[in-house]
Amino acid sequence: PFVWATAIASGMTPSTIIDDSPFTRVAPNGKVWSPKNFDNSFNGPIPIRHALEKSLNIVSIKLAERVGPPMIRSLLQRCGIRTEVEGLTIALGTPEVRPIDHAVAYSCFVNGGMRHDSVMVTDIRDRDGMQRYDYRDYARMEPAIDPKVAYVALHMMEGVCTPSNKPGWQPTGWRTSKLKRPVAGKTGTTNESRDAWFCGFTKQYTTIVWVGYRDNRSLGHGQDYTGGRLACPIWVDFMAIAHEGLPAEDFDVPYGINFFDINRYTGVAGGDYKEAYVAGTAPPSSFQTIAPEQSTGDEGLPLLESL
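Bear in mind the structure is a predicted one, so any value in this text is a computation, not a measurement. (Residues numbered from 1 in each chain as written. Predicted model: local features only at pLDDT ≥ 70, side-chain atom pairs only at ≥ 80, totals over all residues. Heavy atoms only, no water.)

Caption draft 1: Highlighting the overall build of the protein chain. From N to C terminus, the protein chain includes seven helices and 13 strands. Taken over C-alpha atoms, the radius of gyration comes to 20 Å for the protein chain, in line with the 19 Å a tight globule of 307 residues would show. Principal-axis analysis of the C-alpha atoms gives the protein chain an extent of 70 × 45 × 35 Å. Considering the protein chain as a whole, with its 307 residues, one finds that 50% of them fall into the buried category. Within the protein chain, residue pairs in contact and separated by at least 24 positions form 67% of the contacts whose partners lie at least 6 positions apart. Counting only carbon and sulfur atoms, one obtains 51% of the accessible surface of the protein chain, whose full area is about 14,800 Å². Each charge sign in the protein chain was given a centre, from 31 positive and 34 negative side chains, and these centres are 1 Å apart. (Helix = DSSP H or I, 4+ residues; strand = E, 2+ residues; numbered from the N terminus. Rg over C-alpha atoms; globule rule 2.2 N^0.38 Å. Buried < 20%, exposed > 50% of the residue type's maximum accessible area, 1.4 Å probe, protein only. Contact = heavy atoms within 4.5 Å. Areas by Shrake-Rupley, 256 points an atom, 1.4 Å probe, with all protein chains shown as cover. Lys, Arg positive; Asp, Glu negative; His and termini not counted. Charge placed at Lys NZ, Arg CZ, Asp CG, Glu CD.)

So, in structure tokens, the structure goes:
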């Protein structure tokens, strides 16, 4: 979602069309990089909001190429992910990131773009019950994302968790809808299913689930070993207990956001799906075709599903 947030910050909208088609780059050393989507298929021109729901690697890479890795790296660092990575593989979550850092970064979306640094100790009291330490006296927070950009990215991640009425297809995080409250997040699955993630949040909590082995061996092969299949159900079970007795609250909408009814799968105005846009932007009235893209040099290592 950080690639998508950077795209929104650069002036794109959820309806911006990217061509999900074969992608190859050749590095100066002659190394060929041809990443693929998880199921090895291509979807052709697709709005970026639907590409996020499908977790399409190729779209993520092409967005990164448009906005530039430095912009994405800057956003990641402001959100609390400081792992260094170069090149277009930044679009695929190639660097190792701790779950706690993911929690800090994803919470920026629900906190109106503000980053709240993590704390390990919240309260210390002496034997008489007197408080000697309150984390709130030392807690740090800084602006990381424009609130409007954060909300549009959040709203697209709600789509990742919203079941589809399209026969034969569901977004990768649809299982989180079992929580029966507003939910947003993103799945992730690395090469050979060595890691399965779900990073998601409600109005009350941000929770990160990672499934993997310490020796980095594969969890298995196929659709049953993805973030959507392995991490999402664990996330739901935990969040169901964490939210016992709490109201189902909608996410806060900042000033400067307009909503339009669109077609969820084409991004065109006039459908039955409510989409968020930064004020001054709007969905197109018809599907936008795009010209074929040209290859240039870059290198990296592919992952099979973007974070």
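Caption draft 2: Summary view of helix α4 (residues 69-79). Of all the residues in α4, the buried ones are Pro69, Ile72, Arg73, Leu75, Leu76 and Cys79. For α4, the buried positions fall inside an angular range of 160° around the axis, keeping them on one side. Where α4 is buried, its residues contact α1 (2-9), α3 (57-67), α5 (99-110) and β5 (114-116). Positive phi shows up at Gly80, right after α4, with a value of about 110°. (Arc of directions from axis to C-beta.)

Caption draft 3: Examining the environment of Thr89 more closely. Tracing the backbone through its elements, the reader meets Thr89 in the loop between α4 and α5. Once the C-alpha coordinates of Thr89 and Glu65 are considered, the two residues, 24 residues apart in sequence, prove to be 10.0 Å apart.

Caption draft 4: The packing of aromatic side chains, seen in detail. In this structure the tally under the stated criterion is ten aromatic pairs. Look at Phe2 and Phe109: their rings are 5.3 Å apart centre to centre, the planes differ by 40°, and that puts the pair in the tilted class. Of the two residues, Phe2 sits in helix α1 while Phe109 sits in helix α5, which places them 107 residues apart along the sequence. Classification of Phe2 as buried rests on a relative accessible area of 7%. Owing to a relative accessible area of 2%, Phe109 belongs among the buried residues under this scheme. A network of ring pairs unites the aromatic residues Phe2, Tyr106 and Phe109 as a single cluster. One residue, Arg217, lies across the ring of Tyr213, its end atom 3.6 Å from the ring centre. Between Lys274 and the ring centre of Phe259, over which it is positioned, the NZ or CZ distance is 4.8 Å. (Phe/Tyr/Trp six-rings, centres within 6.5 Å; stacked < 30°, edge-to-face > 60°. Lys NZ or Arg CZ within 6 Å of the ring centre and 35° of its normal.)

Caption draft 5: Highlighting the packing of α1 against α3. Close contact between α1 and α3 brings their axes to 9 Å; oriented N to C, the two are set at 40°. When the axes of α1 and α3 are compared, the pair comes out oblique. Judged by the twist between their axes, the crossing of α1 over α3 is left-handed. Residues Val3, Trp4, Thr6 and Ala7 of α1 pack against Val59, Ser60, Leu63, Ala64 and Val67 of α3. Counted by class, the contact of α1 with α3 contains seven nonpolar, two polar and no charged residues. (Axes fitted to C-alpha atoms, helices over the stretch in contact; angles between N-to-C directions. Parallel < 35°, antiparallel > 145°, perpendicular 65-115°, else oblique. Left-handed = near helix turned anticlockwise from the far one by under 90°. Nonpolar A, V, L, I, M, F, W, Y, C, P; charged D, E, K, R; others polar.)

Caption draft 6: Representation of the confidence of the model for the protein chain within the structure. A residue-level look at the protein chain finds 93% of positions with pLDDT of 70 or above and a mean pLDDT of 90. Looking over the protein chain, one finds the lowest element-wise mean pLDDT in strand β2 (residues 25-26), namely 88, and the highest in helix α6 (residues 147-160), namely 98. Note that residues 294-307 has pLDDT below 50 and, in this model, 74 contacts with residues that lie over four places away or in other chains. (pLDDT = per-residue confidence, 0-100.)

Caption draft 7: Up close: the packing of α5 against α6. Relative orientation of the contacting elements α5 and α6 amounts to 105°, with a least axis distance of 7 Å. Between α5 and α6, the angle falls in the class roughly perpendicular. Where α5 approaches α6, its residues Tyr106, Cys108, Phe109 and Val110 are matched on the opposing element by Ala150, Ala153, Leu154 and Met157. Taken together, the residues of the contact of α5 with α6 sort by class into eight nonpolar, no polar and no charged.

Caption draft 8: Expanded view of the pattern of salt bridges. All chains considered together, the criterion is met by 17 salt bridges. Between Glu65 and Arg25 there is a salt bridge; the shortest N-O distance is 2.8 Å. In this pair, Glu65 sits in helix α3 while Arg25 sits in strand β2, placing the two residues 40 residues apart along the sequence. With its nearest N and O atoms 2.7 Å apart, the salt bridge here joins Arg115 to Asp117. The residues Arg115 and Asp117 share a single accessibility class, namely buried. Several salt bridges share partner residues, and in doing so they unite Arg49, Glu53, Arg264 and Glu275 into one network. (Salt bridge = Lys/Arg side-chain N within 4 Å of Asp/Glu carboxyl O.)

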